[in-house]
Amino acid sequence: MATSTKTTVSNVVEFDLQGTLAGYWVAVLRVVTGYWFLHAGVTKYLAAEPFSAQGWLVNATGGSPITGFFVWAGQTPWMLEFANVMIPLGETLIGLGLVVGALVRLASFFGAFLMVFFYLGNAAWSHGLVNGDLMGLLLFVTLGIFGAGRVLGLDSVIEEMDFADNRIAKYVLG
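Residues numbered from 1 in each chain as written. Predicted model: local features only at pLDDT ≥ 70, side-chain atom pairs only at ≥ 80, totals over all residues. Heavy atoms only, no water.

### Here's the deal with the overall build of the protein chain
Stated precisely, the cut-off is as follows: In this text, helices come from DSSP runs of H or I with a minimum length of four residues, and strands from runs of E with a minimum of two, each type numbered from the N-terminal end. In this scheme, a residue with accessible area under 20% of its type's maximum is buried, one over 50% is exposed, and one in between is partly exposed, where area comes from a 1.4 Å probe on protein chains only. Residue contacts are counted whenever heavy atoms from the two residues lie within 4.5 Å of one another. Residue exposure ignores everything except the shown protein chains as possible cover, and the areas themselves are Shrake-Rupley values with a 1.4 Å probe.
Tallying secondary structure elements over the protein chain gives eight helices and two strands in all. For the protein chain, the residues scored as buried account for 39% of the 174 residues in total. A fraction of 65% describes how many contacts in the protein chain between residues 6 or more apart in sequence connect residues 24 or more apart. For the protein chain, the computed accessible surface area is about 10,100 Å², with 71% contributed by carbon and sulfur atoms.

### With respect to unusual backbone geometry
Negative phi is the rule for most residues except glycine; trans is the rule for most peptide bonds. Of note in the backbone geometry, Leu 103 takes a positive phi value of approximately 55° without being a glycine. Judged by its relative accessible area of 38%, Leu 103 is partly exposed. One non-glycine residue, Leu 152, lies in the positive phi region at around 55°. Counting through the fold element by element, Leu 152 comes out in the loop between helix H6 (132–146) and helix H7 (155–158). By relative accessible area, which is 59% here, Leu 152 ends up exposed.

### What to know about the pattern of salt bridges
A side chain of one charge can pair with a side chain of the opposite charge if their charged atoms are brought near each other. As a reminder, the rule being used: By salt bridge we mean one thing: a side-chain nitrogen of Lys or Arg within 4 Å of a carboxyl oxygen of Asp or Glu.
Following the criterion strictly, the structure yields two salt bridges and no others. As a salt-bridge pair, Glu 91 and Lys 44 come within 2.9 Å of each other at their nearest N and O atoms. Of this pair, Glu 91 sits in helix H4 (residues 77–100) while Lys 44 is found in helix H1 (residues 21–46), placing the two residues 47 residues apart along the sequence. Look at Lys 44 and you get partly exposed, because its relative accessible area is 21%.

### Comments concerning the packing of aromatic side chains
The relation between two aromatic rings is expressed through the spacing of the ring centres and the mutual angle of the planes. Heads up, the condition is: Ring pairs shown here join Phe, Tyr and Trp side chains whose ring centres sit within 6.5 Å, with only the six-membered ring taken for Trp; geometry is labelled stacked below 30 degrees between planes, edge-to-face above 60, and tilted in between.
A complete count under the given rule lists twelve aromatic pairs for this structure. Aromatic pair Trp 56 and Phe 118: ring centres 5.9 Å apart, planes at 90°, arrangement edge-to-face. A residue pair is termed long-range when its members are at least 10 positions apart, and Trp 56 in helix H2 (residues 54–58) and Phe 118 in helix H5 (residues 104–121) qualify at 62 residues. When its relative accessible area of 29% is taken as the criterion, Trp 56 is described as partly exposed. For the pair Trp 72 and Trp 78, a centre-to-centre distance of 6.0 Å together with 80° between the ring planes defines the contact as edge-to-face.

### Points about H4
Just so we agree on the cut-off: Expected span, for any helix, means 1.5 Å times one less than how many residues it has.
The end-to-end C-alpha distance of H4, which contains 24 residues, comes to 35 Å, matching closely the 34 Å that a straight helix rising 1.5 Å per residue would cover. Downstream of H4 by one or two residues, Gly 101 has phi in the positive range, about 75°.

### Describing the environment of Met 115
Along the polypeptide, Met 115 turns up in helix H5. Sequence-wise, Met 115 and Leu 137 are 22 residues apart; in three dimensions their C-alpha atoms are separated by 5.3 Å. For Met 115, the contacting residues outside a window of four places in its chain are Trp 36, Phe 37, Gly 132, Asp 133, Gly 136, Leu 137 and Phe 140.

Following this line, the structure appears as structure tokens:
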């Protein structure tokens, strides 16, 4: 499926990913990133001890601009319980969406959202600003921009359905 975008100088740029090497590569990135998050979420459910984000939140790196928020969240019972439920659930659903290629733009948005928090929570940056969390953030942004679910994913099937013929659906699918 070709996607047209107007640049600031009104030239049309086409990204035709269907059946191209770039399209297959985007599909591989989508599935691998999805597996990464699906595995992270499911293993939190299968662990011998219940998942708790408290240690990570309370011990957030002091170099982060939102360290105070992390410490507050780790010490506030309702916020900690919310994080303990939403992190594994979010990782699992984001990963599942990416693996099967359904609602990829929505999954990528929430994946990027989580990666921003993971990046800022590991803000020691002793090895520089570029780390695995930032690379994960870039992967999610890339998958969302390219609408990676349209290439070998369920989004291409969902887009053909009647309810998907509106602006909101076009933004969510991909």
